[in-house]
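# Structural overview for review
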Amino acid sequence: MDFISHWETERHNLPFAIDGVVIKVDRYDQQERLGLTSKSPRWAISFKFETERVRTRLKEITYQVGRTGAVTPVANLEPIQLGGTTVKRASLHNADQILRLGLIDGDYVYVEKGGEIIPKVVGVDESERAVVTDLFSQQSSSFPTHCLECATELVREEGEAIHYCPNRLTCPPQVKGRIVHFISRKAMNIDGLGSETVVQLVEAGLVVDPSSLYDLKEEDLLPLDRMAKKSVDKLLAGIEASKSISFERVLFGLGIRYVGETVAKKLARSLGNLDAIMRAEKEVLVEVDEIGERIADSVILYFADEGNINFVRRLGEAGLRLAVQEIVGATNKLDGASIVVSGVFEKHDRVGIKKLIEMHGGKVSSSISKKTSFIVAGDKMGPSKKEKAEKLEITILSEDEFLSKIA
Ligand SMILES: [Zn+2]
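Since the model is a prediction, treat every value here as computed from it, not as a measurement.

### A short note on a nonpolar patch on the surface
Where nonpolar side chains cluster on the molecular surface, the patch consists of Ile23, Ile45 and Phe47 and spans about 270 Å² of accessible area. Relative to the elements of secondary structure, Phe47 occurs in strand β2 (residues 44-48). The exposure class of Phe47 is partly exposed, given its relative accessible area of 30%.

### Remarks on the sheet that holds strand β11 (residues 363-365)
Read from one edge to the other, the open sheet built from 4 strands follows the order β11-β10-β12-β13, with strand pairing classed as parallel. Across the chains shown, the open sheet's two edge strands, defined by having one partner strand only, are β11 and β13 (396-397). In this sheet, β13 lies alongside strand β12 (residues 374-377) in parallel orientation, the contact comprising 2 bridges. Note on β13: the bridge partner recorded for Val376 is Leu397. Its contacts with the sheet place helix α15 (residues 350-359) against β10 (338-342), β11 and β12, and it is angled at close to 170° to β10.

### Comments concerning the nonpolar core
Across soluble globular proteins, nonpolar side chains have a tendency to be buried as a group. Counting 51 residues, the largest nonpolar core has Leu213, Tyr214, Leu251, Leu254, Leu267, Val299 and Phe303 as the members making the most contacts within it. Listed by contribution, the elements that provide at least two residues to this core are α5 (172-183), α6 (195-203), α8 (229-241), α9 (247-253), α10 (261-271), α11 (274-279), α13 (293-303) and α14 (306-317). The residues touching Tyr214, leaving out its near neighbours within four places in the chain, are Phe182, Met188, Ile190, Ile239, Ser242, Lys243, Leu315, Ala318 and Leu320. Listed in part, the 24 residues of the second largest apolar core include Leu82, Leu92, Val109 and Cys147.

### Description of the coordination of the zinc ion
Expected angles at a metal are 109.5 degrees for tetrahedral coordination by four donors and either 90 or 180 degrees for octahedral coordination by six donors. For the zinc ion, every protein donor is listed as Cys147 (SG), Cys150 (SG), Cys165 (SG) and Cys171 (SG), and the spread of their distances is 2.2 to 2.4 Å. Because the angles between the 4 donor atoms bound to the zinc ion fall within 99 to 115°, the donor set is best described as tetrahedral. As a motif over one chain, the donors of the zinc ion read C-x2-C-x14-C-x5-C. Of this pair, Cys150 sits in the loop between α4 (135-139) and β8 (155-156) while Cys165 sits in the loop between β9 (163-164) and α5, and the two are 15 residues apart along the sequence. By relative accessible area, Cys150 is classed as partly exposed at 22%.

### A word on the pairing of strand β4 (residues 70-82)
Sheet analysis places strand β3 (residues 53-65) next to β4, joined by 7 bridges and oriented antiparallel. Pairing of Glu60 across the sheet is with Asn76, part of β4. Between β3 and the antiparallel strand that follows it, β4, lie 4 residues; Gly69 among them carries a positive phi value of about 90°. As paired strands, β4 and strand β5 (residues 85-91) are joined by 6 bridges and run antiparallel to one another. From the neighbouring strand, Leu82 faces β5, where its bridge partner is Thr85.

### Considering the packing of aromatic side chains
Counted according to the given criterion, the structure contains 3 aromatic pairs. When the centroid spacing of 6.4 Å and the interplanar angle of 55° are considered together, the rings of Phe3 and Trp7 count as tilted. Note that Phe3 and Trp7 are positioned in helix α1 (residues 2-10) at a spacing of 4 residues, about one turn of the helix. By relative accessible area, Phe3 is classed as exposed at 53%. A relative accessible area of 24% places Trp7 in the partly exposed class. Judged by centre distance (6.1 Å) and plane angle (75°), the ring pair of Phe47 and Phe49 falls under edge-to-face. Note that Arg294 overlies the ring of Tyr258, its terminal NZ or CZ placed 3.9 Å from the centroid.

### Section: α13
Every buried residue belonging to α13 is among Ile295, Ala296, Ser298, Val299, Tyr302 and Phe303, and all of these are buried. Relative to the axis of α13, the buried residues are bounded by an arc of 160° and lie together on one face. Across from the buried face of α13, at angles greater than 90 degrees, the exposed residues are Glu293, Arg294 and Leu301.

Criteria and cut-off values
- Residues numbered from 1 in each chain as written.
- Predicted model: local features only at pLDDT ≥ 70, side-chain atom pairs only at ≥ 80, totals over all residues.
- Heavy atoms only, no water.
- Patch = residues over 30% accessible without salt bridge, like charges linked within 9 Å, V, L, I, M, F, W, Y side chains within 5 Å.
- Areas by Shrake-Rupley, 256 points an atom, 1.4 Å probe, with all protein chains shown as cover.
- Salt bridge = Lys/Arg side-chain N within 4 Å of Asp/Glu carboxyl O.
- Helix = DSSP H or I, 4+ residues; strand = E, 2+ residues; numbered from the N terminus.
- Buried < 20%, exposed > 50% of the residue type's maximum accessible area, 1.4 Å probe, protein only.
- Pairing = 2+ DSSP bridges.
- Contact = heavy atoms within 4.5 Å.
- Axes fitted to C-alpha atoms, helices over the stretch in contact; angles between N-to-C directions.
- Core = buried A, V, L, I, M, F, W, Y, C linked by side-chain atoms within 4.5 Å.
- Donors = N, O, S within 2.8 Å, 3.2 Å for Na, K, Ca; no water.
- Tetrahedral: all angles 85-135°; square planar, octahedral: opposite > 155°, others 65-115°.
- Phe/Tyr/Trp six-rings, centres within 6.5 Å; stacked < 30°, edge-to-face > 60°.
- Lys NZ or Arg CZ within 6 Å of the ring centre and 35° of its normal.
- Arc of directions from axis to C-beta.

If you want it as structure tokens, here you go:
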């Protein structure tokens, strides 16, 4: 506690911002005994400091259109120091919050930096409300009715807090945003292609959606600014290489609302290929682990759109993976077995052993229990694990014994 309270104030003297401290059990044998959950180790936990809150003047509310067409208000603030950085903009989340806070330009607001990178407006100083002097200033804080980028009338679905621009096909930030998402590290991870280049390609009319990346040719790119032969080659090689990216990541890259990385993985693995996902009825989709009605509806809505269907068809024609790959050499030899891996191995590393277990239908577990089928142990197996295994009379296999079991 002394350590925490020391850093509570001392953190402001660090050359970087921190929002807490991590407390760890530092003895390896105790770490091993505590083990891990699926998400994090049980021997480390973070302590978050109280979030800092500052008061500043709201200069103006502006609106941003994102990749999904969602229109989000942004608070432009009188610059203020918060957590070691100067804050000029903060998020307001949605129209409901503006309404709830009754915000107008000129108000004094409270701003916090939570876990997110972007600070947010959390309240308004009631003692010093701005006065509405004319109709114009009042209107400047009311939510726009039309898209600021393409002038399409905004829509708001019932029960939803967010306004959307429905012009998916030609609204510039949506077009660029979808491509930037598609090429991002966790999706197609295209080497040599950054968001600035995307903007350049879209503005030059060379790319209208992610599928047109696969039609790019050297002669299209060379005339562009900052496109020397070398960067063109790199870009084209990156695009070519993305054709071998797994279906899970292609599915994530499509940018279907609510289909994040994890959901994409679950959908891909349980339905196997894009056709099956496109054809799936709601009842089938909600059967998939972690997929509820909201996600199922969003997937159905996405594939009800002819434009989207044509788009994924073009991705298929370009040679992208639209089905989960069968792993070569996979068997069911370890079907249903719960296996613990411990120690250091000779022929494979620990990750490799775990992959082999999964490839042959087994499940890797982090802690030994009565349900453990067997343990694969290399050198330096933890003494507490060994003791527990012996007590529960669980078989311990060497690396070679394990390999011959799946051979
Ligand atoms: Zn628009």
